[in-house]
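Spelled out from the first residue to the last, the chains are:
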Amino acid sequence: MERWSELELHGWGRYPRLRSACTRPERVSEVHAALADRGADPLLAHGLGRSYGDAALLEGGKVVLTRRLDRMLDFDPATGWVRCEAGVSIEDLVNTFLPRGFFPPVVPGTQFVTLGGAIANDIHGKNHHVDGTFCDHIRRVELLTAAGAVVVCDADHEPELFWATVGGLGLTGLILSCELKLVPVAGPLIEMESVRVENLDHFFAVSAESAAFTHTVSWIDCVARGKSMGRGIFMRGRHAAAGAQASPGVLGGVIDAVSPLMQVPMDAPNWLMNKLTMRLFNEAYYRKQPHGTTAQISHYAPFFFPLDFVRDWNRVYGDRGLLQYQLVVPPDPQHRAIRQVLEAITETGMGSFLAVIKEFGDRAHPGLSFPQPGVTLALDFPNHGRPLLDLLDRLDRVVLDAGGRVYLGKDARLSRAAFEQMYPDLDRWRGVRDRWDPQHVFQSSLGRRLGLSGVRR
Amino acid sequence: MSVLILGATSRIAQQLAHRFGEAGHAIFVAARDADEAARIAADVAVRYRVPTASAGFDARAFEGHPAFVADVEAQLGALEVAIIAFGDMGAGPTADFADAHRVIDVNFTGAASIAEAVATVMEARGDGSIIGLTSVAGDRGRQSNYVYGSAKGAFGLYLQGLRNRLFSKGVHVMTVKLGFVDTRMTFGMETGLPVASPEAVSRALFRAWERREDALYYPRFWGGIMGVIKAIPERIFKRLSL
Ligand SMILES: Cc1cc2nc3c(=O)[nH]c(=O)nc-3n(C[C@H](O)[C@H](O)[C@H](O)COP(=O)(O)OP(=O)(O)OC[C@H]3O[C@@H](n4cnc5c(N)ncnc54)[C@H](O)[C@@H]3O)c2cc1C
Ligand SMILES: NC(=O)c1ccc[n+]([C@@H]2O[C@H](COP(=O)([O-])OP(=O)(O)OC[C@H]3O[C@@H](n4cnc5c(N)ncnc54)[C@H](OP(=O)(O)O)[C@@H]3O)[C@@H](O)[C@H]2O)c1
């Protein structure tokens, strides 16, 4: 039985694809053994690979695939606190606890992420404006550090290490387990409304009047320009109260039956995602929603995880892969940065179908966590190579000028210089990390690119 | 009614614990690594809210096996199902005989020893199931893994005899011949053939147990492959490099 196998890994964007020696421990002692047996190589945890770029990759190093470290260790039905190994997925939590009336406090747009990945990227969901990020609901983390010690850290014990580990990109150590507070829900249904928004100003108006909804997000047509710039479909909802009935014809009921059938079996040709098809997709999707507001009671899955119904949908971008660019900029009554970004995209014609906009709440998150008060925009781009990288560099400048930042969990190309200006807590974070991992045993390709790792080896 | 899982640190065994836990059975988790056995028991208890217990178990501690079974029954009540999932592939035929000895001890002697201990209590009660995991490697000896294969093959013969003995006593014995499964044993191996997930294995075995099947291959296509392999005349087979 060989511990390490050479594998090519990639994130959800399938760019870049990098080789490393991988191991897949099935119990905690095998994680210790992997750390001890890494030779002179650096190490990184890899969950379900739903980061888009190179956050979970480590070219030429040793990678620990954590998905089989998935034991649920303790649950208190009186409070909702659950203690789990870091490879447990959101999907697994939902399937286990929804029948008992509990739901994860924060979920991303896919349920195929691990708790370790959710902590390392301090993920946010549609309820950020009310409930903050994932790590706002984590009280304790059990970490395997570079020295081979197991450190349980929380607000009282090794608080600095806890601070640096939430949103710490896997670079402070390997998370073995964590304690997460689930929230009580009445059932699987979501009371939701869809509002057709005509342009950017309308989006902000609808967002402002949606304060009574715990969950908000808007799809945005990033092909439309001029007066229609920023048009889209705003979705808002909340967990439904007991006794709610699903609306007739709602996708939810049938979805379980059909979802295994929907799969992208192989790479689509690279030309599939071109200017014309993008325009058609966006137009058709926008027209689907009638004027005004429609209300319905939906199953949670199409509301939270609409993309999960098509397995491997990332393959429609072809073998060149895709890049996602997610930014947040502080509130601005004129929304100048968002306008500049949308203008730059329509100008180059490189926009895509999947674009999402949301206003974050005003909670600030420390360390390398991404969310900050303001508005966030997430954009998918087919990998057009150089012209796209040039466009994204341009967007970085807009974001920096506005005092914003980009999300590292989605990133594959940000420059070190831009990164250092975007994350003001960087020096403090580095100080804590260097105390716990002076040799930079834990590294990632993203960390190397951004100057976080490997500088002193 | 309780289910005993032996060699529970195997991913296949854990998934089986999930299937039986999901169906409401009390689960006894036994593995060489007692700490890990306790974690697995906790996992099953959290997920399925069934009674669980765990203990260290070594397939080669033969003399202790009858007492071990008594202890399991004392903790979780009468055993309805015992699953013998442990196995040891060894380093291969080129290693020294100590390695081969251990492989035989675990896969055959240890398996037969604990099966005997379980059979004794089930036979007395006239109820229960004994499920043994063996391998397609036990169907024909090949130079690359014949020590492991012969021990698994011997365990298969043993289960056949036990089934014959216990049939009239109302005790069910099921032989499972596994092909490639995606576990620690096969991680990173170039198999050239489809590899089953441990979860799929557990679902198929659980259904087969509900139907009280005698023997099965999983994945099922291995039945066909092994039929062909067994049919090759020895004078040709001995020249192949398998
Ligand atoms: C369709 C889709 C929708 C998404 N929607 C959202 C969204 O709404 N909000 C949002 O915030 N994100 C979103 N994401 C991004 C995703 O939630 C994050 O990238 C998440 O971190 C992925 O988790 P993972 O288990 O796949 O981790 P990976 O991608 O495998 O790893 C992510 C990081 O976590 C580290 N890591 C993983 N496990 C451990 C561990 N045990 N110990 C230490 N470090 C570890 C890795 O080293 C890496 O740095 C989305 C992604 C997709 C594909
Ligand atoms: N994976 C395949 O492709 C495949 C194919 C055919 C058959 N099988 C059989 O399927 C079963 C499960 O194997 P697996 O693939 O899940 O591999 P595995 O993870 O290596 O499981 C083997 C298990 O046997 C246990 N074990 C070894 N020696 C033991 C001993 N002396 N006492 C008690 N337990 C002992 C191991 O315990 P430790 O954790 O303490 O080492 C481990 O739990 C085995 O019987 C194997 O032969 C597997």
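Residues numbered from 1 in each chain as written. Chains lettered and ligands numbered in written order. Predicted model: local features only at pLDDT ≥ 70, side-chain atom pairs only at ≥ 80, totals over all residues. Heavy atoms only, no water.

1. A short note on the overall build of chain A
Rules: Secondary structure is summarised from DSSP: a helix means a run of H or I of at least four residues, a strand means a run of E of at least two, and numbering begins at the N terminus for each. The quantity called the radius of gyration is restricted to C-alpha atoms. Its globule counterpart is 2.2 Å times the number of residues to the power 0.38. Burial classification: accessible surface area is computed with a 1.4 Å probe over protein chains only, and a residue below 20% of its type maximum counts as buried, one above 50% as exposed, and the rest as partly exposed. Two residues qualify as a contact provided that any one of their heavy atoms is within 4.5 Å of a heavy atom in the partner residue. Computed with the Shrake-Rupley method and a 1.4 Å probe, the accessible areas treat only the protein chains shown as cover for residues.
Within chain A, the secondary structure is distributed over 14 helices and 19 strands. For chain A, whose C-alpha radius of gyration is 21 Å, the value lies close to the compact-globule estimate of 23 Å for 457 residues. With respect to the three principal axes, the spread of C-alpha positions in chain A is 60 × 50 × 45 Å. Burial statistics for chain A: of 457 residues in total, 61% are counted as buried. Long-range contacts, defined as pairs at least 24 residues apart, comprise 73% of the intrachain contacts of chain A with a sequence gap of at least 6. Accessible area of chain A: about 17700 Å², with a carbon and sulfur share of 54%.

2. Description of the site of ligand 2
Definition in use: One heavy atom within 4 Å of a molecule or strand makes the whole residue count as near it. Here a polar contact means two N or O atoms within 3.5 Å. Within protein one must be a hydrogen donor candidate and the other an acceptor candidate, and residues neighboring in sequence count only if both atoms are side-chain atoms. Put simply, Ala, Val, Leu, Ile, Met, Phe, Trp, Tyr, Cys and Pro go in the nonpolar bin, Asp, Glu, Lys and Arg in the charged bin, and everything else, Gly too, in the polar bin.
Taken together, 27 residues surround ligand 2, and among them A:R27, B:T9, B:R32, B:Y148 and B:T183 come closest. Residues within reach of ligand 2 are spread across chains A and B. One nitrogen or oxygen atom from the main chain of B:A85 is found 2.9 Å from an oxygen atom belonging to ligand 2. For ligand 2, whose unbound accessible area comes to 870 Å², protein coverage reaches 94%. Of all the elements in the fold, those that place two or more residues in the shell around ligand 2 are α1 (11–22), β5 (129–135) and α5 (146–167) of chain B. The element best represented in the shell around ligand 2 is β5(B), accounting for three residues. A class-by-class count of the residues in the shell around ligand 2 yields 12 nonpolar, nine polar and six charged.

3. Quick look at the nonpolar core
If you look at soluble globular proteins, the nonpolar side chains tend to sit buried side by side. All names here are of chain A. We apply this condition: Working definition of a nonpolar core: buried Ala, Val, Leu, Ile, Met, Phe, Trp, Tyr and Cys residues. They are joined through side-chain atoms within 4.5 Å. What fixes the domain bounds is an automatic or database domain assignment.
Within the largest apolar cluster, 116 residues are counted, with the highest numbers of intra-cluster contacts made by L93 and F134. Mapped onto the domain boundaries, this core takes at least three residues apiece from domain 1 (72–185) and domain 2 (189–413). F134 has contacts with I90, V106, L115, A118, I119, D122, I123 and L180, leaving out every residue within four places of it along the chain.

4. What about the domain arrangement of chain A?
A common measure of how large an interface is: the accessible area buried when the components associate. All names here are of chain A. Heads up, the condition is: Simply put, the buried area is the total loss of 1.4 Å probe accessible area from both parts when two parts are fitted together. Take a side-chain nitrogen of Lys or Arg and a carboxyl oxygen of Asp or Glu: if they are within 4 Å of each other, that pair is a salt bridge.
By the assigned domains, chain A splits into domain 1 (72–185) and domain 2 (189–413). Just the C-alpha atoms count here: the centres of domain 1 and domain 2 sit 25 Å apart. Facing the 30 residues of domain 1 at the interface are 28 residues of domain 2. Carbon and sulfur atoms make up 61% of the area that domain 1 and domain 2 hide from each other, which totals about 2500 Å². Summed over the shared surface of domain 1 and domain 2, the result is one salt bridge. As a salt-bridge pair, R363 and D136 come within 3.3 Å of each other at their nearest N and O atoms. On the surface where domain 1 and domain 2 come into contact, there are 13 residue pairs in polar contact (both at pLDDT 80 or more). Every element with two or more residues in the side of domain 1 that touches domain 2 is listed here: α2 (90–97) and α4 (128–131).

5. Overview of the site of ligand 1
Residue and element names in this part refer to chain A. A45, G47, R50, S51 and T114 are the nearest of the 33 residues found near ligand 1. Residue G47 places a main-chain N or O atom 2.7 Å away from an oxygen atom belonging to ligand 1. Between ligand 1 and H124, the relevant distance is 2.7 Å, taken from a nitrogen atom to a main-chain nitrogen or oxygen of the residue. In isolation ligand 1 exposes 970 Å². Once the protein is present, 96% of that is buried. Every element with two or more residues in the shell around ligand 1 is listed here: β3 (43–46), α3 (115–120) and β10 (174–181).

6. Points about the sheet that holds strand β16 (residues 322–329) of chain A
Residues and elements named next belong to chain A. The following threshold applies: In this description, strands pair whenever DSSP reports at least two bridges between them. Axes, fitted as lines to C-alpha atoms, cover a helix only where it is in contact. Angles between the N-to-C directions of the axes lie from 0 to 180 degrees.
Reading across the sheet, the eight strands line up as β15-β12-β14-β13-β17-β18-β16-β19 and stay open at both edges, with antiparallel pairing between neighbours. This sheet does not close on itself; its edge strands, each paired only once, are β15 (293–299) and β19 (405–406). Contacting β12 (189–197), β13 (215–220), β14 (232–239), β17 (355–359) and β18 (375–382), helix α6 (residues 200–208) runs over the sheet at an angle of about 45° to β17. Where helix α11 (residues 386–401) meets the sheet, it contacts β16, β18 and β19, and its direction lies at approximately 10° from that of β16.

7. Thoughts on the interface of chain A and chain B
Each partner contributes residues to the interface: chain A has 25 residues there, and chain B has 19 residues. Here chain A packs against chain B, burying approximately 2100 Å² in sum over the two surfaces, 43% of which is carbon and sulfur. Contact with chain B buries surface across chain A, with A:R27, A:R71 and A:R100 losing the most and accounting together for 29% of the total. As a salt-bridge pair, A:D92 and B:R47 come within 2.8 Å of each other at their nearest N and O atoms. Broken down by element, the residue count for the side of chain A that touches chain B peaks at four residues, all from strand β5 (residues 72–75) of chain A. Along the lines of polarity and charge, the residues of the side of chain A that touches chain B split into nine nonpolar, four polar and 12 charged.

8. Digging into the pattern of salt bridges
Per the counting criterion, the structure on display carries 54 salt bridges over all chains. Ionic pairing is found between A:D267 and A:R315, a salt bridge with its closest N-O pair at 3.0 Å. Placement of A:D267 in the loop between α7 (252–258) and α8 (275–288) and of A:R315 in the loop between α9 (300–304) and β16 is noted, with a sequence separation of 48 residues between them. The partner of B:R125 in a salt bridge is B:E73, and the shortest N-O contact between them spans 2.8 Å. With B:R125 in helix α4 (residues 97–125) and B:E73 in helix α3 (residues 65–76), this pair connects stretches of sequence that are 52 residues apart.

9. Focus: a nonpolar patch on the surface
Residue and element names in this part refer to chain B. Our working definition: Residues enter a patch when their relative accessible area is above 30% and they make no salt bridge; the linking distance is 9 Å between like charges and 5 Å between nonpolar side chains (Val, Leu, Ile, Met, Phe, Trp, Tyr).
Judged by side-chain polarity, I236, L240 and L242 come together as a nonpolar surface patch covering roughly 220 Å² of accessible area. Within the element layout of this structure, L240 appears in the segment after α8 (234–237). Among the residues examined, L240 registers a relative accessible area of 35% and is labelled partly exposed.

10. Observations concerning unusual backbone geometry
The omega torsion of the bond from A:Y15 to A:P16 falls at -5°, within 30 degrees of zero and hence cis. Topologically, A:P16 is positioned in the loop between β1 (5–10) and β2 (17–23). B:Y218 connects to B:P219 through a cis peptide bond whose omega is -10°. The topology assignment puts B:P219 in the loop between β7 (215–218) and α7 (221–231). The backbone phi angle of A:H440 is positive, close to 55°, even though this residue is not glycine. Topologically, A:H440 is positioned in the loop between α13 (426–436) and α14 (445–449).

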